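Read off the chains here:
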Amino acid sequence: MTDRPAIGIVGLGTMGLGIAQVYAQAGFPVIATDAHAPARDSAKTRLADTLTARVAAGKLAETERDATLARLNVTPDLTSLAPCQLIIEAIVERLEAKQTLFSTLEPLVAPDAILATNTSSLPIHAIAQGLRHPDRVLALHFFNPPPAMKLVELAPHVGTDANAVSRAQQWTESAGKTVILCPDRPGFIVNRCARPYYGEALAMVAEGHKPAEIDAAMTAAGYRLGPFALIDLIGADINLAATEGMHAAMDRHPRYLPFPALKAQVASGNLGRKTGRGFVFPDGPAAPPEDAGAIALRIEATLVNEAHWLLAEGGTTPDGIDTAMRLGLNFPRGPFEALARHGQTTVMAELARLRAAAPDALKPRYDPAPGLRPDT
Ligand SMILES: NC(=O)c1ccc[n+]([C@@H]2O[C@H](COP(=O)([O-])OP(=O)(O)OC[C@H]3O[C@@H](n4cnc5c(N)ncnc54)[C@H](O)[C@@H]3O)[C@@H](O)[C@H]2O)c1
């Protein structure tokens, strides 16, 4: 296996250019393209600006910047990607666009070249459908911004060749990333297992708790940002779209319910940092409430439960889930580490308490996942 094969990138927007930087900085030749001429024409300058800022901050040597830039080859023509052994698409998030791109690329590249998608929400098996070699397709899901975020979720579909998985993993690890394997399921690990962090906080708001107090409880429990500060950072509109996407993809299970408080926040236009006001932004931190411990236990019990539901679907491990949640969300501990702190009996009792107190429509939120058992 070639140590540093050429990597192809299609789509030179926020993610594609960042992913190109990751591999180019690690010594891989990168051949990149975009359907939109201005995105191609500006790519080198955008990368040069990013790298020059790092040189100015003393974080990168000038020689490294120049070598990285020299490794990025931008082309208008998909056929120039022929020598690439791994091609990553970061184009528009539309199934037909990704299918069309891969079926155009397939005859242009080597029979064993890997076609990887950076999709956040589309099923990998659906993207692979219709190809002559669907076994070469997998997801390499980078986080924004790719150069700074250490985590990459690697999701094969059921028919992906094991050799394609190991090559994509090895090259991406040698580009400095922590690669976590996960199943071809909605939201992969992070976007799915994070849902209760927001959802349970919103359920508490519906019961009369204040967002700032919930945030203070979670920061007191070691989380860098509370759920509402995190929604304000991401944007309430983006968070609502992700929640609605998960809700639809998971047969509208109430564990993924888009709560009215989130919809109302979006309707108010106070989306968070980007609009100058959100659930808690720009107010300073509040003091933790008296029931801070109970709030944190409630949220962590539902995080533990969601992680066990995902684990039961196969394709990942407790360690993988914990690592993904620490790296992808900056959580102080993953759900299985949280479980070890509380003990299964406490978590099961908390889920049973929440189930008993919830209105009928929300009771299934707290059904314990297979694998969660009281301590013996
Ligand atoms: N932005 C994020 O935080 C984030 C995080 C993880 C994954 N993703 C996923 O990454 C992908 C790209 O997201 P982005 O935020 O970089 O988008 P973006 O809009 O910044 O960039 C997309 C680029 O793809 C180009 N493009 C569109 N259709 C094309 C086609 N058919 N062929 C070639 N080029 C095409 C566009 O001209 C544009 O430059 C999406 O699938 C998205 O879901 C985004």
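What counts as what
- Residues numbered from 1 in each chain as written.
- Predicted model: local features only at pLDDT ≥ 70, side-chain atom pairs only at ≥ 80, totals over all residues.
- Heavy atoms only, no water.
- Helix = DSSP H or I, 4+ residues; strand = E, 2+ residues; numbered from the N terminus.
- Rg over C-alpha atoms; globule rule 2.2 N^0.38 Å.
- Contact = heavy atoms within 4.5 Å.
- Areas by Shrake-Rupley, 256 points an atom, 1.4 Å probe, with all protein chains shown as cover.
- Lys, Arg positive; Asp, Glu negative; His and termini not counted.
- Charge placed at Lys NZ, Arg CZ, Asp CG, Glu CD.
- Buried < 20%, exposed > 50% of the residue type's maximum accessible area, 1.4 Å probe, protein only.
- Patch = residues over 30% accessible without salt bridge, like charges linked within 9 Å, V, L, I, M, F, W, Y side chains within 5 Å.
- Salt bridge = Lys/Arg side-chain N within 4 Å of Asp/Glu carboxyl O.
- Domains from an automatic or database assignment.
- Buried area = accessible area lost by both parts, 1.4 Å probe.
- Near = heavy atom within 4 Å.
- Polar contact = N/O pair within 3.5 Å; in protein donor to acceptor, adjacent residues only side chain to side chain.

### Some words on the overall build of the chain
Thought 1: Within the chain, the regular secondary structure consists of 16 helices and eight strands.
Thought 2: By the compact-globule yardstick of 21 Å for 376 residues, the chain fits well, its C-alpha radius of gyration being 22 Å.
Thought 3: Expressed along its principal axes, the backbone C-alpha trace of the chain runs to roughly 60 × 45 × 35 Å.
Thought 4: Relative to all contacts within the chain whose residues are 6 or more apart in sequence, the contacts with residues 24 or more apart total 70%.
Thought 5: Carbon and sulfur atoms make up 56% of the accessible area of the chain, which totals about 15,700 Å².
Thought 6: Across the chain, 35 positive and 39 negative side-chain charges occur, with their mean positions spaced 2 Å apart.

### Considering unusual backbone geometry
Thought 1: Residue N144 is joined to P145 through a cis peptide bond whose omega torsion reads -5 degrees.
Thought 2: Within the secondary structure layout, P145 lies in the loop between β6 (137-142) and β7 (151-156).
Thought 3: Even without glycine at this site, D251 takes up a positive phi of about 55 degrees.
Thought 4: Residue position: D251 is located in the loop between α11 (236-249) and α12 (260-268).
Thought 5: Relative accessible area serves as the criterion here: at 72%, D251 is assigned to the exposed category.
Thought 6: Even without a glycine there, the phi angle at R252 is positive, about 55 degrees.
Thought 7: Following the sequence through the fold, R252 ends up in the loop between α11 and α12.
Thought 8: A relative accessible area of 57% places R252 in the exposed class.

### Let's talk about a nonpolar patch on the surface
Thought 1: On the surface, L233, I234 and I238 cluster together to form a nonpolar patch covering roughly 240 Å² of accessible area.
Thought 2: Relative to the helices and strands, L233 is located in helix α10 (residues 227-234).
Thought 3: On the accessibility criterion, L233 (45% relative accessible area) is partly exposed.

### Brief notes about the domain arrangement of the chain
Thought 1: The assigned domain composition of the chain is domain 1 (7-181) and domain 2 (190-366).
Thought 2: Inter-centroid distance (C-alpha atoms) of domain 1 to domain 2 is 31 Å.
Thought 3: Facing the nine residues of domain 1 at the interface are nine residues of domain 2.
Thought 4: Across the interface of domain 1 and domain 2, roughly 660 Å² is buried in total on both sides, 67% from carbon and sulfur atoms.

### Digging into the site of the ligand
Thought 1: Near the ligand lie 21 residues; those nearest to it are M15, D34, E93, K98 and N118.
Thought 2: Here an oxygen atom of the ligand sits 2.8 Å away from a polar atom, N or O, in the main chain of M15.
Thought 3: In the environment of the ligand, a nitrogen atom lies 3.0 Å from a nitrogen or oxygen atom belonging to the backbone of A35.
Thought 4: Contact with the protein chains removes 69% of the 830 Å² of surface that the ligand exposes when unbound.
Thought 5: Among the elements of the structure, α1 (14-25) and β6 are those that each provide at least two residues to the shell around the ligand.

### Observations regarding the pattern of salt bridges
Thought 1: With the rule as written, the count across this model stands at 21 salt bridges.
Thought 2: With a closest N to O distance of 3.9 Å, D3 and R4 form a salt bridge.
Thought 3: By relative accessible area, R4 is classed as partly exposed at 31%.
Thought 4: A salt bridge links R326 to E337; the nearest nitrogen and oxygen atoms lie 3.1 Å apart. One end of the pair, R326, is in helix α14 (residues 318-329); the other, E337, is in helix α15 (residues 335-342), with eleven residues separating them in the sequence.
Thought 5: R326 gets classed as partly exposed once you look at its relative accessible area, which sits at 29%.

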